[in-house]
Every structure is written in structure tokens, then in C-alpha cells.
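Coordinate inspection notes
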Amino acid sequence: MQGIFDSHAHYDDERFEEDLEQVLQFIQDNGVTNIINVGCNIERSRECIALAKKYQFIYAAVGVHPHDSAEVDDGYIDEIDKMLHEDKVVALGEIGLDYHYDFSPRDVQKRVFEEQLQLAKAKDVPVIIHSREAVQDTMELLNQYQPKGVVHCFTGSAETAKECLKLGLYIGFTGVVTFPNARKTLEVIAATPLERILLETDCPYMAPVPFRGKRTTSDMIEKTADVIASIKNVSTQELIDIARVNTIRLFLQPE
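Rules used in this analysis
- Residues numbered from 1 in each chain as written.
- Predicted model: local features only at pLDDT ≥ 70, side-chain atom pairs only at ≥ 80, totals over all residues.
- Heavy atoms only, no water.
- Axes fitted to C-alpha atoms, helices over the stretch in contact; angles between N-to-C directions.
- Helix = DSSP H or I, 4+ residues; strand = E, 2+ residues; numbered from the N terminus.
- Parallel < 35°, antiparallel > 145°, perpendicular 65-115°, else oblique.
- Contact = heavy atoms within 4.5 Å.
- Nonpolar A, V, L, I, M, F, W, Y, C, P; charged D, E, K, R; others polar.
- Phe/Tyr/Trp six-rings, centres within 6.5 Å; stacked < 30°, edge-to-face > 60°.
- Buried < 20%, exposed > 50% of the residue type's maximum accessible area, 1.4 Å probe, protein only.
- Lys NZ or Arg CZ within 6 Å of the ring centre and 35° of its normal.
- Pairing = 2+ DSSP bridges.
- Right-handed = clockwise from strand over helix to strand, strands pointing away.

1. A few points about the packing of helix H2 (residues 42–54) against helix H3 (residues 76–84)
Where H2 meets H3, the axes come as close as 11 Å, and the angle between the chain directions of the two elements is 5°. Judged by the inter-axis angle, H2 sits roughly parallel to H3. Side by side, H2 and H3 meet where Ile42, Ser45, Arg46 and Ile49 of the first sit next to Tyr76, Glu79, Ile80 and Met83 of the second. Taken together, the residues of the contact of H2 with H3 sort by class into five nonpolar, one polar and two charged.

Shown next, in the form of C-alpha cells:
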């Protein structure tokens, strides 16, 4: 496959410390043309910017993940605002709510999510949304602020996906679609128009079958694309091409 655009990766993760250079060369040799490396907190967002500056094919997103929301200081929004003006920063993310782990108190998660949504609206930048077991609160805030962006690693219902689509949001799919228990996610794929689908790895996490348990890299997106393509009755290469165009439209050529 050629022209893979991984719309959500974490190559700043410590699991790539020993061999990042080799991994990035390998994935480029195996069809990956672009990556958006996504921040989880202020420090790692800065690392994402550094990666984007060093590697021509990498872009950056900056923001505070719900897991890290309890750690922010009073000036964090100003820091994100400054980073949004850096070259090759294309989105605010990943941001959202995670009630599965509750690593940060839910009221703090909601406040930090809302503050970042307000900044995204003010700066007219797309957001990358993380939502796990927090559908009601996530959708309330999305309906209130109606940002442009993507719900990444979508694992909700087809009904929730349709609500997101009505708001103009894109749906991001990871290796989860290859899992044996992915029936609900396959229903979401069927309900999502081709022009709203993004491909992502969330690497080093979410390795698709047959790579479960291994460190994920962007070339593995082909396995995710295989499943989606079969449901949408297109070839895998066509699906990869469509998703690349969608990713460029959302992040690199915003309306």
C-alpha cells in the first residue's frame, strides 16, 4: 500500500526511545507518507512540535489528555495557545473525557476539556477528541461548542457516531476494528460515509490483528484499512487514498 496518512500517533512515547530513527525510516519505506503526532500534556506536546520540526513528513497536535488534566497549572491554556502558532501544528488534541480509568477527577476533566474547546473555537482549529465511557458528557460539550475535528479511536455506538457526523465531525478508526469483539465498531463503519473516515494507529497502542501485543507502527494501518474497505466495498488502496484526502481536508486545508 502507498500514501498512508496516520492521523493519530505517539512517536514521542518512551517505547520508541531506542530506535525511533529506524522505525520512522522503516514506515516511510513501507507506504507511510505522513503522520500527525498527538500531544497528551504540555511537555509531550512540545516533544511533538520538535518531532514535526525534525521530520518533514510529521505534523503535530498539542493539548492536554483527560488523564493529565489534573496536572495542569494556571497558565496551561496560554501555553497551548502559543504552541498553536508554531509551524506544522495542525490541531488541538488530544482532549476529552475518560471515565474508564478516572486518572483525573471527572469535574477537572470536564473543565479542562471545555477550556480547550473554547480555545479551539476562538482560534478556529480542529480538535482531536478522546472519549471513553463518557458519551453523555462528551456529547453535551460537543453540541454546545460544535468544534470541527475528529472523534479518535471511536468505540461508541452507531447512534452516537451519527450524532457526531451531524455536527460535522470525522470518525477515526484504529486497529480495534480488527478485534474479534468489534461488532459495534463495524456497525459504526457501515454508518459512516467514506468522506468522514480517518485512519489512525494510536501507536504504540492498539495493535491490529495479527500484531496484538506488539508495539504498533504506522505501516500496520493497512490491516485496519482492509476491514473498513471490505465493509465499504472499495479496495484497501482506495480506502487509504480516501482517508488521506479526508485527513488533508480536515487538518491541512481547513475551510
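Okay, back to it.
2. Regarding the packing of aromatic side chains
All told, the structure shown has four aromatic pairs when counted by the stated rule. Taking 6.4 Å as the distance between ring centres and 20° as the angle between the ring planes, the aromatic pair formed by phenylalanine 5 and tyrosine 59 counts as stacked. With a gap of 54 residues between them, phenylalanine 5 in strand S1 (residues 4–9) and tyrosine 59 in strand S3 (residues 58–62) connect regions that are remote in the sequence. Measuring from centroid to centroid gives 4.7 Å for tyrosine 11 and phenylalanine 16, while their planes differ by 45°, and the two rings are tilted. Neither residue differs from the other here; tyrosine 11 and phenylalanine 16 are each classed as buried. The ring of tyrosine 99 carries the charged tip of arginine 106 above its face, separated from the ring centre by 4.2 Å.

3. Quick look at the pairing of strand S7 (residues 170–173)
Working note: regular strand, side chains alternate between the two faces of the sheet. Side chains of S7 alternate between two faces, with Tyr170 and Gly172 and Ile171 and Phe173 buried alike. Pairing of strand S6 (residues 149–151) with S7 involves two bridges; the strand directions are parallel. Paired with valine 150 across the strands is tyrosine 170, a residue of S7. As paired strands, S7 and strand S8 (residues 197–199) are joined by three bridges and run parallel to one another. Its bridge partner being in S8, isoleucine 171 is matched across the sheet by isoleucine 197. Running through helix H7 (residues 183–191), the crossover from S7 to the neighbouring parallel element S8 is right-handed.

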